[in-house]
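# Breakdown of the fold
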Amino acid sequence: SQQGEEDPQALSIQEGENATMNCSYKTSINNLQWYRQNSGRGLVHLILIRSNEREKHSGRLRVTLDTSKKSSSLLITASRAADTASYFCATDPSTGGFKTIFGAGTRLFVKA
Amino acid sequence: GAVVSQHPSWVICKSGTSVKIECRSLDFQATTMFWYRQFPKQSLMLMATSNEGSKATYEQGVEKDKFLINHASLTLSTLTVTSAHPEDSSFYICSARDGQVERLRDTEAFFGQGTRLTVV
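Small disclaimer: the values here were computed from a predicted structure and weren't measured.

Among the nonpolar cores identified, the biggest contains 25 residues, and Val-4, Trp-35, Phe-67, Ile-69, Leu-79, Tyr-92 and Leu-117 of chain B are the most heavily contacted of them. Listed by contribution, the elements that provide at least two residues to this core are strand 2 (10-13), strand 3 (19-25), strand 4 (32-38), strand 5 (44-51), strand 7 (67-73), strand 8 (76-81), strand 9 (90-96) and strand 11 (115-119) of chain B. Not counting residues up to four positions away in its chain, the partners in contact with Val-4 of chain B are Cys-23, Arg-24, Ser-25, Phe-28, Cys-94, Ala-96, Phe-110, Phe-111, Gly-112 and Gln-113 of chain B. The next biggest cluster of nonpolar side chains, apart from the first, holds 21 residues, and it includes Ala-19, Ile-29, Val-63 and Tyr-87 of chain A.

The final tally for this structure, using the stated rule, is two disulfides over all chains. What pairs with Cys-23 of chain A in a disulfide is Cys-89 of chain A, and their sulfur atoms sit 1.9 Å apart. Its S-S torsion of approximately 65 degrees makes the covalent link between Cys-23 of chain A and Cys-89 of chain A right-handed. With a gap of 66 residues between them, Cys-23 of chain A in strand 3 (residues 19-25) and Cys-89 of chain A in strand 9 (residues 85-93) connect regions that are remote in the sequence. A single burial state applies to Cys-23 of chain A and to Cys-89 of chain A, both of which are buried. Disulfide pairing is shown between Cys-23 of chain B and Cys-94 of chain B; the S-S distance is 2.0 Å. What sets the handedness of the Cys-23 of chain B and Cys-94 of chain B disulfide is the S-S torsion sign, and at about 80 degrees it is right-handed. Taken together, the residues span a long stretch of sequence, with Cys-23 of chain B in strand 3 and Cys-94 of chain B in strand 9 at a distance of 71 residues. In this structure, Cys-23 of chain B and Cys-94 of chain B share a single accessibility class: buried. Cys-94 of chain B supplies the cysteine sulfur nearest to Cys-13 of chain B, a cysteine that is in no disulfide, at a spacing of 18 Å. Given a relative accessible area of 8%, Cys-13 of chain B falls into the buried group.

What follows covers the pattern of salt bridges. Opposite charge on two side chains lets them pair, provided their charged atoms get close. On inspection of all chains with the given rule, the structure shows eight salt bridges over all chains. The residue Glu-59 of chain B makes a salt bridge to Lys-99 of chain A at a minimum N-O spacing of 3.0 Å. Of the two residues, Glu-59 of chain B sits in the loop between strand 6 (57-58) and strand 7 while Lys-99 of chain A sits in the loop between strand 9 and strand 10 (101-102), which places them in two different chains. Pair check on accessibility: Glu-59 of chain B and Lys-99 of chain A agree, each one buried. Two residues, Asp-88 of chain B and Lys-66 of chain B, come together in a salt bridge whose shortest N-O distance is 2.7 Å.

A few words now on the environment of Glu-22 of chain B. Residue and element names in this part refer to chain B. Secondary-structure assignment places Glu-22 in strand 3. Residue class for Glu-22 comes out partly exposed when judged on its relative accessible area of 24%. When the C-alpha positions of Glu-22 and Ile-69 are compared, they lie 9.9 Å apart, and in sequence the two are 47 residues distant. Once residues lying within four places of it in the same chain are set aside, the contact partners of Glu-22 are Ser-5, Gln-6, His-7, Trp-35, Leu-76, Ser-77 and Thr-78. A polar contact of 3.5 Å, which involves the side chain of Glu-22, links it to the side chain of Arg-24.

Here is what the cut-offs are and how they apply
Residues numbered from 1 in each chain as written. Chains lettered and ligands numbered in written order. Predicted model: local features only at pLDDT ≥ 70, side-chain atom pairs only at ≥ 80, totals over all residues. Heavy atoms only, no water. Core = buried A, V, L, I, M, F, W, Y, C linked by side-chain atoms within 4.5 Å. Buried < 20%, exposed > 50% of the residue type's maximum accessible area, 1.4 Å probe, protein only. Helix = DSSP H or I, 4+ residues; strand = E, 2+ residues; numbered from the N terminus. Contact = heavy atoms within 4.5 Å. Disulfide = S-S within 2.5 Å. Salt bridge = Lys/Arg side-chain N within 4 Å of Asp/Glu carboxyl O. Polar contact = N/O pair within 3.5 Å; in protein donor to acceptor, adjacent residues only side chain to side chain.

Nothing here speaks to function; it is all geometry.
As structure tokens, then:
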């Protein structure tokens, strides 16, 4: 990817379990965002965390950010079949304009 | 939240023809819009940054003569795939940021619903 990697590339879990996805990036950033994409469709913005924040919650989502390690994680608790999608982290580099650069993505499959 | 509308949502064209994709910010002014390309099961690759009233900035490896970008107003950017070939078949997505608050550096980018281009 242009900015970094995500792992795992694919994740299969049972409904009710937690799903954790990790993202690493290469440059210093202003903020990091997580998006969900259902197959062949547009992006849904999930959460934005600023570079001076370490953790953020939104419903069943928990995002952490470690700027010293240039990494972030997305935790989805009590997963549902409807959470099945691809998840991307995206960063706004602190230099080079306001463009958003995407990680490679994690394909999550939640089995009912 | 802010809405970005992309049109068409899908298009099939013959090899050698040109296709224009529109990206509109519906309820905010976007001085800057972005065009991405996504191949199946891959991530979004930034193609270019579209600046209102000036030339677009293309990412390395993206042919500017192949992918013509016009950002004629604060609410509309267009991407034209010229002389399309089957290898140009892909999912194209635009995004925009609210020009009023972009200085704050902590606002999300709003994405269109994407355009699936198939060149036959």
